[in-house]
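# Understanding the architecture of this molecule
Here is what each chain is made of, one letter per residue.
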Amino acid sequence: MKKIVLALTFGFLFSCGNKKDVLLPKSDRSVVTEVVDHSPIYIFFKMEGTDTIADVNRKNSIISTNWLVNIDKRLPLALAIPEVIKLQEKKRKEKAHKNEKAENYYSYADSIGKNLAFIPFTYVYYKMERPTTNATVYFRKNNAILINGIAIEKKELAEKLAILFKEDHETLILGFDKHLDFGSYIQYKVILEKYINSSTAAEEFIY
């Protein structure tokens, strides 16, 4: 398992012996600050001509460990999440070396605490499609948010979510614009984490 080093000044995460850099997402709160017995996985931002590529390095993804998935914040969800789905499926299907306690985390930089932070996504099931009904909360690119089809400002999100989850959290459907960058996605996930039980299965729709 490789050591990972965070240079918060520049916002880069890099691995020893690896010249590639991942520009980490940033948020203002740490969900989890320490993960032991982990394997790092990197999804790099890569340009090939005019095309953006999600370049995955999963060489050190040991099934029985916690996975730290480090994704470049510039990647759109349309490119990043399909690679995450592949990783999840690999771990979920493994039988011989499966560890029921091993979880998956996204890494990000806590810009206030100045530390590396993590947010679990072990029980998130991603769907690269529209839900059968309109999403209760839909996160569009450029900080546009719709709740039951009505646009709100980002600063109103926490207050609106508190009401929604208190009223009927069982029927909430979360949707994310496939063009939303991964950095913005993590910022929203940190806010949502206050209301969602990360140890129960949940679907997220990317479209």
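Scroll up to find the structure this text is about.
The subject of this paragraph is the environment of Tyr123. Structurally, Tyr123 is set in the loop between β9 (115-120) and β10 (124-127). The class of Tyr123 is partly exposed, set by a relative accessible area of 28%. The contacts of Tyr123, once residues within four sequence positions are left out, are Arg92, Glu103, Ser198, Ser199, Thr200, Ala201 and Ala202.

Further remarks concern the packing of aromatic side chains. If you walk through the whole model with that rule in mind, you get 10 aromatic pairs. Ring geometry for Tyr106 versus Phe182: centroids 5.1 Å apart, planes at 75 degrees, classification edge-to-face. Taken together, the residues span a long stretch of sequence, with Tyr106 in strand β8 (residues 104-110) and Phe182 in helix α3 (residues 182-192) at a distance of 76 residues. Ring centres of Phe176 and Tyr185 lie 4.9 Å apart, and the angle between their planes is 75 degrees; this geometry places the pair in the edge-to-face category. Tyr185 matches Phe176 in its accessibility class, with the two residues each being buried. Three or more aromatic residues joined by ring pairs form one cluster here, namely Tyr106, Phe121, Phe139, Phe176, Phe182, Tyr185 and Tyr188. The aromatic ring of Phe45 is capped on one face by Arg74, whose charged end is 4.3 Å from the ring centroid. Above the face of the Tyr125 ring, Arg92 is positioned so that its terminal group lies 3.8 Å from the ring centre.

A few words now on the pattern of salt bridges. Counted according to the given criterion, the structure contains nine salt bridges. Among the ionic pairs, Lys20 bridges to Asp55, the shortest N-O distance being 2.4 Å. With Lys20 in the loop between β2 (12-15) and β3 (21-23) and Asp55 in strand β6 (residues 51-57), this pair connects stretches of sequence that are 35 residues apart. Residue Lys20 is classed as partly exposed on the basis of its relative accessible area of 40%.

For the rest of this paragraph, the subject is the layout of surface pockets. If you add up the space inside the largest pocket, you get close to 540 Å³. What lines the largest pocket is a set of 25 residues, and nearest its centre among them are Phe165, Leu174, Ile196, Asn197 and Ala202. When contributions to the lining of the largest pocket are tallied by element, the ones reaching two or more residues are β9, α3 and β15 (202-206). For the lining of the largest pocket, the class distribution of residues is 15 nonpolar, five polar and five charged.

Of the strand pairs in this sheet, strand β5 (residues 38-48) and β6 are connected by seven bridges, and their pairing is antiparallel. Bridging from a neighbouring strand, Tyr42 pairs with Asn57 of β6. Adjacent in sequence and paired antiparallel, β5 and β6 are bridged by two residues, among which Gly49 carries a positive phi angle near 70 degrees.

On to the sheet that holds β15, then. The strand order β10-β15-β14-β11-β12-β13 describes an open sheet built from six strands, whose pairing is mixed. Both outer strands of the open sheet, β10 and β13 (150-152), are each paired with one neighbouring strand and no more. Strand-to-strand, the axes of this sheet are offset by a mean angle of 25 degrees, without reference to chain direction. With three bridges connecting them, strand β14 (residues 174-176) and β15 associate as parallel partners. When the sheet's bridge partners are listed, Leu174 is paired in β15 with Glu204. Across the face of the sheet, α3 comes into contact with β10, β11 (137-139), β12 (145-147), β14 and β15 while running at roughly 165 degrees to β14.

Basis of the calculations
- Counting restarts for each chain: residues are numbered from 1 in the order of the written sequence.
- The predicted nature of this model means local features are confined to residues of pLDDT at least 70 and side-chain atom pairs, given and counted, to a pLDDT of 80 or more, with totals for whole chains, interfaces and linings taken over all residues.
- As a rule here, side-chain values come from all non-hydrogen atoms in the structure, and water together with hydrogens is ignored.
- A run of H or I in DSSP becomes a helix once it reaches four residues, and a run of E becomes a strand once it reaches two; helices and strands are each numbered from the N terminus.
- Note on classification: 1.4 Å probe, protein chains only; a residue is buried when its accessible area is under 20% of the maximum for its type, exposed when over 50%, partly exposed between these limits.
- The criterion used for residue contact is that any of the two residues' heavy atoms lie within 4.5 Å.
- Aromatic pairs are defined between Phe, Tyr and Trp rings, using the six-membered ring for Trp, whenever the two ring centres lie within 6.5 Å; interplanar angles under 30 degrees are classed as stacked, those over 60 as edge-to-face, and all others as tilted.
- Ring-over charges, as used throughout, are those where CZ of Arg or NZ of Lys falls within 6 Å of the ring centre and within 35 degrees of the ring normal.
- Here a salt bridge means any side-chain nitrogen of Lys or Arg lying within 4 Å of a carboxyl oxygen belonging to Asp or Glu.
- Grid points spaced at 1 Å over the protein atoms alone were grouped into cavities, where a 1.4 Å probe fits but cannot get out, and pockets, open sets with protein on both sides within 12 Å along at least five of seven lines, with lining residues defined by an atom within 4 Å of a point.
- Grid points are joined across faces, edges and corners, and a volume is the space filled by probe spheres set on the points.
- Residues were grouped as follows: Ala, Val, Leu, Ile, Met, Phe, Trp, Tyr, Cys and Pro as nonpolar; Asp, Glu, Lys and Arg as charged; and all remaining residues, including Gly, as polar.
- Paired strands, as defined in this entry, are two strands with at least two bridges between them according to DSSP.
- Angles shown run from 0 to 180 degrees and are taken between the N-to-C directions of axes, each axis being a line fitted to C-alpha atoms and, for helices, limited to the stretch in contact.

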